[in-house]
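Reading the structure
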Amino acid sequence: MSTPTRPQLNILDLVQVLEDGTAAEAIAATVDVAQHADRWGYGRYWMAEHHNMRGVASSSTAVLIGHVADKTERIRVGSGGIMLPNHAPYVVAEQFGTLATMHPGRIDLGLGRAPGTDPLTSRALRRNDMAAMNFAGEVEELIGYLGEPDPDAKVRAIPGEGTHVPVWILGSSHGGAQVAASLGLPYSFASHFAPAMLMSALQVYRDRFVPSTEPGGLDAPRTMAAANIMVADSEKEAERLFTSVLSRFHGIITGRRGGVLKPEGDIESLMGSWSPAERQAVSEMIRVSFVGTPDQVRDRLQEFTDATGVDEVVVTCGAYDHDDRLRSFELLADAWS
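Residues numbered from 1 in each chain as written. Predicted model: local features only at pLDDT ≥ 70, side-chain atom pairs only at ≥ 80, totals over all residues. Heavy atoms only, no water.

In the annotation of an unreviewed UniProt entry, the protein chain is listed under the name Luciferase family oxidoreductase group 1 and assigned to Terracoccus luteus. Annotation of the protein chain in UniProt includes, under Sequence similarities (unreviewed entry), the sentence "To bacterial alkanal monooxygenase alpha and beta chains." (UniProt positions renumbered as here; feature names shortened; annotations may be inferred.)

Right, dumping it as structure tokens:
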């Protein structure tokens, strides 16, 4: 029996800080995971921009991308994503143009328009709300800086121009899907924490897609979706490890955003200690999660990619212990290939 064709497998890393750990330890762990992922055949290693979160150390996303790219050899490294209204498009073009100049053919630029933080921190970032309303225009401006050099241009990104860094649009609703479709860009959906509009957003993107003849544009839709995974040698052990992920999501909805907690008991007993509203909220957020043995997770992930029709899938693992996280990614890579 032939092996089914599987979408490309990628990793999303939140550079998670443990409750009793440090940001330096989190960054070192990220480098180690990326180096292993490079050898295990993962296609992309993305990190996401978040601010003012005790459990996440990926605020300076471009700096981390450069660090990880320095320490790896083959795997593409990128943002999943940069929250563009937090930055001037010109600055992002310079940053990612510099990264692409240092690491040709290995840098991806995923763009979103959410704040990636709370309102107070948004103000500290000098976030531009008007830019968020004109997200498509901001994306076009950025892509222009990365395009073919124009000696007559009054503003040029150096490094940046001529690098044609691949741009993805990220989203969790129809807005990002419409922007990606109108610009002929690839689209990635954040179904690892906001799966409600996954299928309808993918449909909007595909229905409204306009082929692009611009460098970096597509002649046909290309999609990716995100999923939480936890893989272990036994289903019981995977479910125990997944309680750390459940605790993190519970902290998000209850306003207690600390570091990553140690696994506690089992899924049923942990969720049974919450209110019905809390259980419902967390259950909705983690709907695209696959927990179990390598064969179980592979088969469920295959069903997910078959149902969504995505070209690539990006997985994230929130295991507390570094060795457990490595083991989860290794087992999945072996089963997927």
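Still more to cover.
1. Describing the packing of helix α8 (residues 198–208) against helix α12 (residues 294–308)
It is at 11 Å that the axes of α8 and α12 come closest, and there the two elements cross at 40°. When the axis of α8 is compared with that of α12, the two are oblique. When α8 is examined against α12, the residues Leu198, Met199, Leu202 and Arg206 are found in contact with a partner set consisting of Phe304, Ala307 and Thr308. Taken together, the residues of the contact of α8 with α12 sort by class into 5 nonpolar, 1 polar and 1 charged. (Axes fitted to C-alpha atoms, helices over the stretch in contact; angles between N-to-C directions. Helix = DSSP H or I, 4+ residues; strand = E, 2+ residues; numbered from the N terminus. Parallel < 35°, antiparallel > 145°, perpendicular 65-115°, else oblique. Contact = heavy atoms within 4.5 Å. Nonpolar A, V, L, I, M, F, W, Y, C, P; charged D, E, K, R; others polar.)

2. Examining the nonpolar core
Ranked by size, the top nonpolar core spans 89 residues in total, and within it Tyr42, Leu109, Leu111, Ile169, Leu301 and Val315 carry the most contacts. Setting aside its immediate chain neighbours within four residues, Val315 contacts Leu9, Asn10, Ile11, Leu12, Tyr42, Ala227, Ile229, Leu301, Phe329 and Leu332. Residues Leu14, Trp46, Leu170 and Ala226 belong to the second largest nonpolar core, which totals 9 residues. (Core = buried A, V, L, I, M, F, W, Y, C linked by side-chain atoms within 4.5 Å. Buried < 20%, exposed > 50% of the residue type's maximum accessible area, 1.4 Å probe, protein only.)

3. Considerations on the packing of aromatic side chains
On inspection of all chains with the given rule, the structure shows 7 aromatic pairs. When the ring of Tyr90 is compared with that of Tyr145, the centres are 5.1 Å apart and the planes differ by 70°; the resulting orientation is edge-to-face. Here Tyr90 is found in helix α3 (residues 89–102), whereas its partner Tyr145 is found in helix α6 (residues 135–146), with 55 residues between them in sequence. When its relative accessible area of 26% is taken as the criterion, Tyr90 is described as partly exposed. What makes Tyr145 buried here is its relative accessible area of 16%. Considering the side-chain rings of Tyr187 and Phe189, the 6.4 Å spacing of their centres and the 70° angle between planes classify their relative orientation as edge-to-face. (Phe/Tyr/Trp six-rings, centres within 6.5 Å; stacked < 30°, edge-to-face > 60°.)

4. Quick look at a negative patch on the surface
Taken together, the side chains of Glu235, Glu239, Asp266 and Glu268 present a region of like negative charge at the surface. With respect to the helices and strands, Asp266 occurs in the loop between α9 (235–254) and α10 (267–272). (Patch = residues over 30% accessible without salt bridge, like charges linked within 9 Å, V, L, I, M, F, W, Y side chains within 5 Å. Areas by Shrake-Rupley, 256 points an atom, 1.4 Å probe, with all protein chains shown as cover. Salt bridge = Lys/Arg side-chain N within 4 Å of Asp/Glu carboxyl O. Lys, Arg positive; Asp, Glu negative; His and termini not counted. Charge placed at Lys NZ, Arg CZ, Asp CG, Glu CD.)

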